[in-house]
Amino acid sequence: APEKSQPWGAESAAVLRDLVFEKIVRVEYAKRDKYGRILGTIFCGTNEVNLAMVQTGNAWHYSHFDRSTAYSAAESAAKDARLGLWSQPDPIDPFAWRKGTR
């Protein structure tokens with residue numbers, strides 16, 4: 001998802017809050033990244049939160065960590081429909097954003 005300080009960051013955070021705030025969630029994960037952050041999938045009931053964020057254009061699909069065709073298709077559909085961050089001119093993924101703002 002976008003960083004809070006980058007375009008669409010606040011909007012993305014609001015969508016995520018609506019999906020999980022004050023709700024019971026389950027996180028499934030098998031590994032952490034090099035910074036110790038959990039790389040996992042969040043579920044709220046039967047809703048796969050990560051996928052919902054990508055489907056609504058509020059997060060990118062990071063194919064480096066996930067090879068899921070469902071996520072790739074969701075991102076392509078969100079791009080085609082210009083949903084969420086894809087409605088912005090030339091959205092920059094968070095990795096590139098952080099690298100450029102350091």
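The structure under discussion appears in the preceding block.
### A word on the sheet that holds strand β3 (residues 47-48)
Phase 1: Ordered in space as β1-β2-β3, the 3 strands form an open sheet in which the pairing is antiparallel. If you trace the sheet from one side to the other, it starts and ends with β1 (26-32) and β3, each paired once.

### Describing the pairing of strand β2 (residues 38-44)
Phase 1: With 6 bridges joining them, β1 and β2 adopt antiparallel strand pairing. Bridge assignment links arginine 26 to a residue of β2, and that residue is phenylalanine 43.
Phase 2: In sequence, β1 turns back onto β2 through a hairpin of 5 residues, with glycine 36 there showing a positive phi of about 85°.
Phase 3: Here β2 pairs with β3 via 2 bridges, running antiparallel. Within the sheet, the bridge partner assigned to cysteine 44 lies in β3 and is asparagine 47.
Phase 4: Two successive antiparallel strands, β2 and β3, enclose a turn made up of 2 residues, where glycine 45 displays a positive phi of approximately 65°.

### Regarding the nonpolar core
Phase 1: Ranked by size, the top nonpolar core spans 10 residues in total: Leu19, Cys44, Val49, Leu51, Ala52, Met53, Val54, Ala59, Tyr71 and Ala74.
Phase 2: No other element matches the 5 residues that helix α2 (residues 49-55) contributes to this core.
Phase 3: Those residues in contact with leucine 19 that lie beyond four places of it in its chain are Cys44, Asn47, Val49, Ala52 and Met53.

### Section: the packing of aromatic side chains
Phase 1: Tallying each qualifying case throughout the model produces 1 aromatic pair.
Phase 2: Ring plane angle 70° and centroid distance 5.9 Å describe the contact between tryptophan 60 and tryptophan 86, whose orientation is recorded as edge-to-face. Here tryptophan 86 lies in the loop between α3 (69-80) and α4 (94-101) and tryptophan 60 lies in the loop between α2 and α3, a separation of 26 residues in the sequence.
Phase 3: The side chain of arginine 26 reaches across the aromatic face of phenylalanine 43, ending 4.5 Å from its centre.
Phase 4: Over the ring of tryptophan 86 we find lysine 79; its NZ or CZ atom is 4.9 Å from the centre of that ring.

### Remarks on the pattern of salt bridges
Phase 1: The tally for this structure, following the rule as stated, stands at 4 salt bridges.
Phase 2: With its nearest N and O atoms 3.1 Å apart, the salt bridge here joins glutamate 28 to arginine 26.
Phase 3: Assessed through its relative accessible area of 41%, arginine 26 is described here as partly exposed.

Quick notes on the rules
Residues numbered from 1 in each chain as written. Predicted model: local features only at pLDDT ≥ 70, side-chain atom pairs only at ≥ 80, totals over all residues. Heavy atoms only, no water. Pairing = 2+ DSSP bridges. Helix = DSSP H or I, 4+ residues; strand = E, 2+ residues; numbered from the N terminus. Core = buried A, V, L, I, M, F, W, Y, C linked by side-chain atoms within 4.5 Å. Buried < 20%, exposed > 50% of the residue type's maximum accessible area, 1.4 Å probe, protein only. Contact = heavy atoms within 4.5 Å. Phe/Tyr/Trp six-rings, centres within 6.5 Å; stacked < 30°, edge-to-face > 60°. Lys NZ or Arg CZ within 6 Å of the ring centre and 35° of its normal. Salt bridge = Lys/Arg side-chain N within 4 Å of Asp/Glu carboxyl O.

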